[in-house]
Amino acid sequence: MSQLSAEDEVELQSLLKQLLKSISDKISGAPSTECAEELLLHLEETDRNFHNYEFVKYLRQHVENSMGAVVDEELKNLSRAEGQHAVGAGHDTLTHAVTRRTRDSAEYQQMTQTLKNTMIVVVESLINKFEEDQLRKEEMHREMESSQSNSQFIDNCSDSDSSFNQSYAFIRQEQLQVLAEKLDSNKPKEVRCEALRALCCAPPSDVLSCESWSVLRKNLCVALSDPDLSFFAKSFSSSPLNVTREIYTSLAKSVETSFLIHKLSFPSGSAAVNINSPEISQLLKQVRLLNDFQKEVTNFWIRHPEKYMEEIIESTFSLLSFHHERGSTGAEKMLEPVHLLALLDIKATWFIKWMHGYYSRTVVLRLLERKYKSLIVAALQQCLHYSESCELNDGNLILLLVFVVSGSVQRSVYSRKELEYSSFVHSLCVLGKLIIYTNGRKLFPVKVRKHKGGARLSYFQTLLRHQNCLSLCSDSLSPSCLVMEVLWTLCERTECLLQTPVIGTLLAPVIALLAGQKHDCFLCFWDVLSPLCRTFAAHIIAEFTLKLLDKTLPSLSESDATGALCGAFIFVCRQIYNTCKGLQVLRTYGLHIALASAWKKFFCLSWASVSDFGPRLVWEETLLDSLLNFAATPKGLLLLQQTGAINECISYMFSRFTRKLQVSRCEKFGYGVMVTQVAATAPGVVALQSSGFVQALVVELWSALECGSDDIRVVHPRPTPMDHTDGICHKSFLSLVNLLSSSQSVWELLGRRSLANKSEYTLREMPTSIPDLIDRLIVVNSDVKIQSLFHYEQSHTFGLRLLSVLCCCLDSFLLLESQYNICSVLLQGQRENVAIIIDSLSVERNHVLVRVNVVGGPSERKLPSRRLQEVSSVFDFSNFTRLHRTSDDNHKRDVFNELSLRTTSDRIENGRNKFRQLNFNYLQTSSDDLTVWFKFKLVGVFKCKIISTCCFLVRLVFLFPTSPFASLTLPPVSLQDGYLGHDWLSSTVFLLMAGNTDRSLDLLLSLSSLLTSAFIWPARIHASEVAESGISPVYWCTAHYVEMLLKAEVPLVHSAFRMSGFTPSQMCFHWLTQCFWNYLDWTEICHYVCTCVVMGPDYQVYLCVAILKHLQPEILQRTQSLELQVFLKEEPIRGFRFSSYLDFMLDLERRYRNIVLTDMKNIKNTVQ
């Protein structure tokens, strides 16, 4: 390096420049030059990336090349020295010796001198280049100043510069004092400009902390009249909030003073505003700088004291309200800061950001209420003035929208109408954001000049009154769209629109058309009508929609009635009737019948004509989608089933589901809730199966659990996960639980369907139905099935987990046991575990066996845990191999002897089989003396009564073979053959009567004549015409009102169900169908039955709402962990006491009985 080449010099310059850029933040943050030098000297100690810099790597390589041979030679010399033992005490001693000799060598001295000379040349070269760059920048800056007055208003001002591209020089207090004197207004302009440029090179923190800041601030405000705003722009981008606060308030005060001095007139007539004029150009730059800071300050002002934020907000409001408070009182209108602010930020983004957070919103509303209410008055006055001008000349809006359409084009001249329009949009956005919040609405009403009385929402009413003016354009900045956007937000968040004047204004066009009057256009406001279902507006909308469907409005043309207008109002009605409360309002209008008739008529016509296929397809999908949305509620699902179009609607839903299309812009959680709602009924699950939804769900599950249809996943299976329902297949697991949650869906999908039990399964063979899935995952009773699974333990555990959830519904378990002998299969699996290995399969099998063979509430049975808990002694495990029958053989013998006297031998054998199916007993280990692995508790009396009730149910069949009770016990598994399920109420009544057969029969016969029996006795109502639809009134009436009351009384729980894709109606239907067996203690079950009989069937609704309210903490927690369905199915209702919620249920009765009980009395009329 003694001879430095040009290439080496250029390389060193580049590496050194790169190093300085990497540590520029540390250097610029140093308070003084001495500190910066100290930081560079200790950079290796403070910078973890020191040895990764290319400059350091270059120096290291140069030292290696220059001194490597010297170091090697010294090592050899020390090794051969006779005094080697003197330096052999350690590696460190040898290192120090070599280092000392190397540094004393002549080669080292030559290397350091060469490096020093080389770096001096490099640094001098960099300094020269830096000075040249600075001179070039100053020359360019002068050229920009000279041409700035002739240029158009474009983004060329210095406030867009980044502080990271600037360099700072440290400055002393004496220098700042000299600069302050040079900025005095008496000094020549050249001197002030030079001082301002010098000030821009100083750190803003030094400027604000100097002793002469008060003089500097005064002179800076005067200097703002000059075009150069670089000091303020740099301060905003690189200073802390306490610094920028001073800069912002100074700039705002300067703008306020400029408006006062110049007294610019607002254009009138054909006059316009030229933003290239010196006065307006400078003001526009200053306002733009303020606006940019307004939009960015929300990102960091929460980290500072509130007084900083309050000063910024107050200075802004003071600027915007200056002319309102002290402006000209003459007739001439003055140009105000808000006009320029509206040009730069037409949608008031700055105010929207200020109102977004509670921290700043509180200060904004407090200042508006106490000191700056004139801003609200001015904004409201601007909206009213613009509306009145539209009334005088409707064509003005088209001219104003030219400004909107050409917004991407740079313009320099704006007319009066364009300025008024931009101010109107800005004022509308400010007011719209203001009235969203409760405290913001408290600022109204306000007095408006030339307007009678106070005006709260009158500006919306005034705008909506002129439909012709507001409906000419669908642009996002058109008045109609802006007003509707605000109204829609208000409808979603508040109830302030539910006022007769506002609703009357919204519905005026509809009422006019219903009365046979002409009206040009009103499509702009239909989107905000759906939240008005609680008012008379819902009835008017429904009546108008029916007339549109029937085409009985003479004032509308044929194209209007079948086009966008009809579809728009159908969508409004859909948003009303897809909620329980909305359906309650609209059910008398028969919208489902009208929609079904329109669809059938269109379907017939579509076969006769193939023209206009596109519009026809859209109209057909609109009708099917509207019919499908009736399935969002239990009662709506009944209405959909009555139309006869349920299969077509489910097929349409499945087609959209497979294409992953959004349900609608108002629905955020997809079709999950709707599918669950449909799957709770027999007609619904039949439609789901025929549409292909069930097959798609099974295939998706198998692909996630085992392998897909592609070769890659078959050849390379996934690693075995640790959890039985890992994240990949958890969604499919929950979808299956939702699908099979109802016993009716299980019966329709599994009834009289045998398992394949093939002798051979290929790896590519995928199940396509629920029986196939049970055959492959649950009833794994052969080596062939085991070998066909890639992940046997995981897949079989998954199947057992699904079986556990299915068996929580006792009717579903009876079907699975009677058709597939589930318990026998599980016990056989336990017997084959001869090595007594405690694995996930044996644990899950034992859990399922106990669950299905023991009944009782939360304090009456205890299920074994699925987790191996730590114990102090050796863990004992017993392998269960058989079911233990009751020891009361004499009692059983007496029962069957009694039956034999009244029946033939065939009936006796059939009765014995049914008795065994209903015999819920407990498990017992084999004859060895090992400790029982699990423990459970069952009240002795209750256990005996369960055994006795089975005998009673068998007697109901054989003692009264021709009575209605013959169809109320264990059913065949077909919808046409009778009631699907066991009669759990009869079992409960028998236990209530302490096993007295005669008293039980008398009570059931008396109960059958009461209205209550239609709801607490599902088997009883199944024989009547009310159940001809295949949907139980417990579902479409009781569960429907549970959902309606839940949304009103416990909204968090209702939202949790909706987010999880599960429905409270399905869970309540499950509870009520099996009379809360396994969910409530026996005492609470008795309270339930007695209360419904004595107090009325509507208490069934109130009880379910009370239970869900009791479970609210658990429901919210399980929703977050995606376990809501499994929790509600498997876990009993712990801690619920009927007496604790009696007052709550009495309150619900007082407020809702008139609606609920009245509808229950009319269930016969509902299904007709």
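Residues numbered from 1 in each chain as written. Predicted model: local features only at pLDDT ≥ 70, side-chain atom pairs only at ≥ 80, totals over all residues. Heavy atoms only, no water.

### Comments concerning the overall build of the protein chain
1) Next: Summing up its helical and strand segments, the protein chain has 63 helices and six strands in all.
2) Next: By residue count, 52% of the 1168 residues in the protein chain fall in the buried class.
3) Next: Expressed as a percentage of contacts within the protein chain between residues at least 6 apart in sequence, the contacts between residues at least 24 apart total 75%. (Helix = DSSP H or I, 4+ residues; strand = E, 2+ residues; numbered from the N terminus. Buried < 20%, exposed > 50% of the residue type's maximum accessible area, 1.4 Å probe, protein only. Contact = heavy atoms within 4.5 Å.)

### Looking at the side chain of Gln382
1) Next: Turning to its location among the elements, Gln382 is positioned in helix 20 (residues 373-392).
2) Next: If we ignore the near neighbours within four places in the chain, the residues touching Gln382 are Lys333, Glu420, Ser423, Phe424 and Ser427.

### Things to note about helix 27 (residues 500-514)
1) Next: Remark: the principal bend of helix 27, roughly 55 degrees, maps to Leu507, with a proline, Pro509, within the next four residues.
2) Next: Those residues of helix 27 lying buried are Val502, Ile503, Thr505, Leu506, Leu507, Pro509, Val510, Ala512 and Leu513.
3) Next: After helix 27 finishes, the residue Gly516 shows a positive phi value of roughly 90 degrees. (Bend = angle between axes of the 7 residues up to and from the residue.)

### Structural notes on the environment of Ile1115
1) Next: Position of Ile1115 relative to the elements: it lies in helix 60 (residues 1112-1120).
2) Next: For Ile1115, a relative accessible area of 0% corresponds to the buried category.
3) Next: Remark: the alpha-carbon pair of Ile1115 and Leu1052, spanning 63 residues in sequence, is separated by 9.3 Å.
4) Next: With residues near it in sequence (within four places) discarded, Ile1115 still touches Val1053, Ala1056, Phe1057, Leu1108, Leu1124 and Leu1128.

### Notes on the nonpolar core
Within soluble globular proteins, side chains that are nonpolar tend to cluster in buried spots.
1) Next: One finds Leu688, Leu739, Ile770, Trp1071 and Phe1076 to be the most contacted residues of the largest nonpolar core, which totals 182 residues.
2) Next: The dominant element in this core, judged by the number of residues it contributes, is helix 55 (residues 1033-1049), at ten residues.
3) Next: Excluding anything up to four places from it in sequence, Leu739 contacts Ala679, Val685, Leu688, Val694, Leu697, Ser745, Leu749 and Ile770.
4) Next: In terms of nonpolar packing, the next biggest core, distinct from the first, is built from 71 residues, Leu284, Ile313, Leu375 and Val486 among them. (Core = buried A, V, L, I, M, F, W, Y, C linked by side-chain atoms within 4.5 Å.)

### Brief notes about helix 17 (residues 337-344)
Helical geometry: 3.6 residues make up each α-helical turn, so side chains three or four residues apart lie on a common side.
1) Next: For helix 17, the buried fraction is high: six of the eight residues fall into the buried class.
2) Next: Of the positions making up helix 17, those classed as buried are Pro337, Val338, His339, Leu340, Leu341 and Ala342.

### Side note on the pattern of salt bridges
1) Next: By the definition in use, this model includes 22 salt bridges.
2) Next: One salt bridge connects Glu1123 with Arg1118, and the closest N-O pair in it is separated by 3.2 Å.
3) Next: A salt bridge links Arg1151 to Asp1147; its shortest N-O distance comes to 2.8 Å. Of this pair, Arg1151 and Asp1147 both sit in helix 62 (residues 1142-1161), four residues apart, which is roughly one turn of that helix.
4) Next: Assessed through its relative accessible area of 38%, Arg1151 is described here as partly exposed.
5) Next: A residue is classified by how much of its surface remains accessible, and Asp1147, at 21% relative accessible area, is partly exposed. (Salt bridge = Lys/Arg side-chain N within 4 Å of Asp/Glu carboxyl O.)

### Section: the confidence of the model for the protein chain
Parts of the prediction with low pLDDT should not have their coordinates interpreted in detail.
1) Next: Averaged over all residues, the pLDDT of the protein chain is 75; the fraction at 70 or higher stands at 68%.
2) Next: Averaged pLDDT values over the elements of the protein chain bottom out at 31 in strand 6 (residues 923-924) and peak at 96 in helix 59 (residues 1099-1110).
3) Next: Of the regions scoring below 50 in pLDDT, residues 147-169 engages in 43 contacts with residues more than four places distant in sequence or in other chains.
4) Next: Note on residues 891-977: pLDDT is under 50 here. Beyond four places in sequence and across chains, it has 167 contacts. (pLDDT = per-residue confidence, 0-100.)

### Considering the packing of helix 55 against helix 57 (residues 1064-1073)
1) Next: Their axes nearest at 9 Å, the elements helix 55 and helix 57 cross at an angle of 130 degrees. Relative to helix 57, the element helix 55 is oriented oblique. Seen from above, helix 55 lies across helix 57 with right-handed handedness. Residues Val1034, Tyr1035, Thr1038, Ala1039, Val1042, Glu1043 and Leu1046 of helix 55 lie in contact with helix 57, whose contacting residues are Pro1064, Ser1065, Cys1068, Phe1069 and Leu1072.
2) Next: Of the residues belonging to the contact of helix 55 with helix 57, the class tally is nine nonpolar, two polar and one charged. (Axes fitted to C-alpha atoms, helices over the stretch in contact; angles between N-to-C directions. Parallel < 35°, antiparallel > 145°, perpendicular 65-115°, else oblique. Left-handed = near helix turned anticlockwise from the far one by under 90°. Nonpolar A, V, L, I, M, F, W, Y, C, P; charged D, E, K, R; others polar.)

### A closer look at unusual backbone geometry
1) Next: Even without being a glycine, Lys263 presents a positive backbone phi close to 50 degrees.
2) Next: Topologically, Lys263 is positioned in the loop between helix 13 (241-262) and strand 1 (272-274).
3) Next: Non-glycine residue Ala348 carries a positive phi angle of around 55 degrees.

### Quick word on the packing of helix 51 (residues 984-992) against helix 58 (residues 1082-1095)
Relative orientation and spacing of two packed helices are given, respectively, by the angle between their axes and the distance between those axes.
1) Next: Interaxial distance between helix 51 and helix 58 falls to 11 Å at its minimum, and their mutual angle equals 105 degrees. Between helix 51 and helix 58, the angle is such that the two are roughly perpendicular. Counted together, Leu985, Thr988, Leu991 and Leu992 of helix 51 and Trp1082, Ile1085, Cys1086 and Val1089 of helix 58 form the full contact between these two elements.
2) Next: Of the residues belonging to the contact of helix 51 with helix 58, the class tally is seven nonpolar, one polar and no charged.

### Some details on the packing of aromatic side chains
1) Next: Under the definition given, this model contains 19 aromatic pairs.
2) Next: When the centroid spacing of 6.3 Å and the interplanar angle of 85 degrees are considered together, the rings of Phe654 and Phe693 count as edge-to-face. With Phe654 in helix 35 (residues 646-658) and Phe693 in helix 38 (residues 693-705), this pair connects stretches of sequence that are 39 residues apart.
3) Next: Look at Tyr1099 and Tyr1102: their rings are 5.2 Å apart centre to centre, the planes differ by 75 degrees, and that puts the pair in the edge-to-face class. Here Tyr1099 and its partner Tyr1102 are both found in helix 59, three residues apart, which amounts to about one turn of the helix.
4) Next: Judged by its relative accessible area of 1%, Tyr1099 falls in the buried class.
5) Next: An aromatic cluster of at least three residues, connected via ring pairs, comprises Trp301, Phe317, Trp350, Phe351, Trp354 and Tyr372.
6) Next: The ring of Tyr437 has Arg361 lying over it, and the distance from NZ or CZ to the ring centre is 4.2 Å.
7) Next: The positively charged end of Lys1109 is found above the aromatic ring belonging to Phe1144, 5.4 Å away from the centroid. (Phe/Tyr/Trp six-rings, centres within 6.5 Å; stacked < 30°, edge-to-face > 60°. Lys NZ or Arg CZ within 6 Å of the ring centre and 35° of its normal.)

### Things to note about a nonpolar patch on the surface
1) Next: There is a patch of nonpolar side chains on the surface, built from Leu1010, Val1093, Val1094, Met1095, Leu1142 and Leu1146 and spanning about 470 Å² of accessible area.
2) Next: Of all the secondary-structure elements, those providing two or more residues to the nonpolar patch are helix 58 and helix 62.
3) Next: Ranked by residue count, the leading element in the nonpolar patch is helix 58, at three residues.
4) Next: You can see Met1095 is positioned in helix 58. (Patch = residues over 30% accessible without salt bridge, like charges linked within 9 Å, V, L, I, M, F, W, Y side chains within 5 Å. Areas by Shrake-Rupley, 256 points an atom, 1.4 Å probe, with all protein chains shown as cover.)

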